[in-house]
Amino acid sequence: KTFTYEIFTPPTSDLIKRELGMDKGYSKPCTKEEVHPRCNSMQVRAACGESMILSQQQLEKIARIKMPDLKSQGVEQAKKTVAGTARSMGVFVEGE
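Remember, it's a predicted structure, so these values are computed and weren't measured experimentally.

Trainee: Before we move on, could you go through the nonpolar core and cite the residues and values that matter?
Mentor: Counting residues in each nonpolar core, the largest one holds 15 residues, and the members touching the most others are Ile16, Leu54 and Val91. Those elements that place two or more of their residues in this core are α1 (12-20), α3 (56-66) and α4 (75-88). Ignoring any residue separated from it by four or fewer positions in sequence, one finds isoleucine 16 in contact with Ile62, Val82, Thr85, Ala86, Met89 and Val91.

Take a look at the structure:
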């Protein structure tokens, strides 16, 4: 018998939690309804809390790590996938 092991990158949610220093996702997400679209990042931090914000640099870093496992055409598409996971965890993505 022969076995083939495939090693994949960690789950996106784990990478997000590690990047933000979180133990788990939030039970009450910071939604766009709570944060006015014209708010700057300081107002978002006041409304949501510092640890709930994923910057564009952090988003791109995670997207580049996940690129081999995602079926996306490029980094921008991978960033959208990671941002969707972040939003489902209650994390606000800066610049969206």
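Moving on, there is more to tell.
Trainee: Provide a residue-level description of a nonpolar patch on the surface, including the pertinent values.
Mentor: Among the surface-exposed residues, Phe3, Tyr5 and Ile7 lie close enough to one another that they form a single nonpolar patch of about 500 Å² accessible area. Following the sequence through the fold, isoleucine 7 ends up in the segment before α1.

Trainee: I'd like a rundown of the packing of α3 against α4, residues and numbers included.
Mentor: What describes two packed helices is the angle between their axes and the distance between those same axes. Where α3 meets α4, the axes come as close as 8 Å, and the angle between the chain directions of the two elements is 105°. When the axis of α3 is compared with that of α4, the two are roughly perpendicular. Seen from α3, the contacting residues are Gln56, Leu59, Glu60, Ile62, Ala63 and Arg64; seen from α4, they are Val75, Ala78, Lys79, Val82 and Ala83. Looking at side-chain class alone, the contact of α3 with α4 contains 7 nonpolar, 1 polar and 3 charged residues.

Conventions and cut-offs
Residues numbered from 1 in each chain as written. Predicted model: local features only at pLDDT ≥ 70, side-chain atom pairs only at ≥ 80, totals over all residues. Heavy atoms only, no water. Core = buried A, V, L, I, M, F, W, Y, C linked by side-chain atoms within 4.5 Å. Buried < 20%, exposed > 50% of the residue type's maximum accessible area, 1.4 Å probe, protein only. Helix = DSSP H or I, 4+ residues; strand = E, 2+ residues; numbered from the N terminus. Contact = heavy atoms within 4.5 Å. Patch = residues over 30% accessible without salt bridge, like charges linked within 9 Å, V, L, I, M, F, W, Y side chains within 5 Å. Areas by Shrake-Rupley, 256 points an atom, 1.4 Å probe, with all protein chains shown as cover. Salt bridge = Lys/Arg side-chain N within 4 Å of Asp/Glu carboxyl O. Axes fitted to C-alpha atoms, helices over the stretch in contact; angles between N-to-C directions. Parallel < 35°, antiparallel > 145°, perpendicular 65-115°, else oblique. Nonpolar A, V, L, I, M, F, W, Y, C, P; charged D, E, K, R; others polar.

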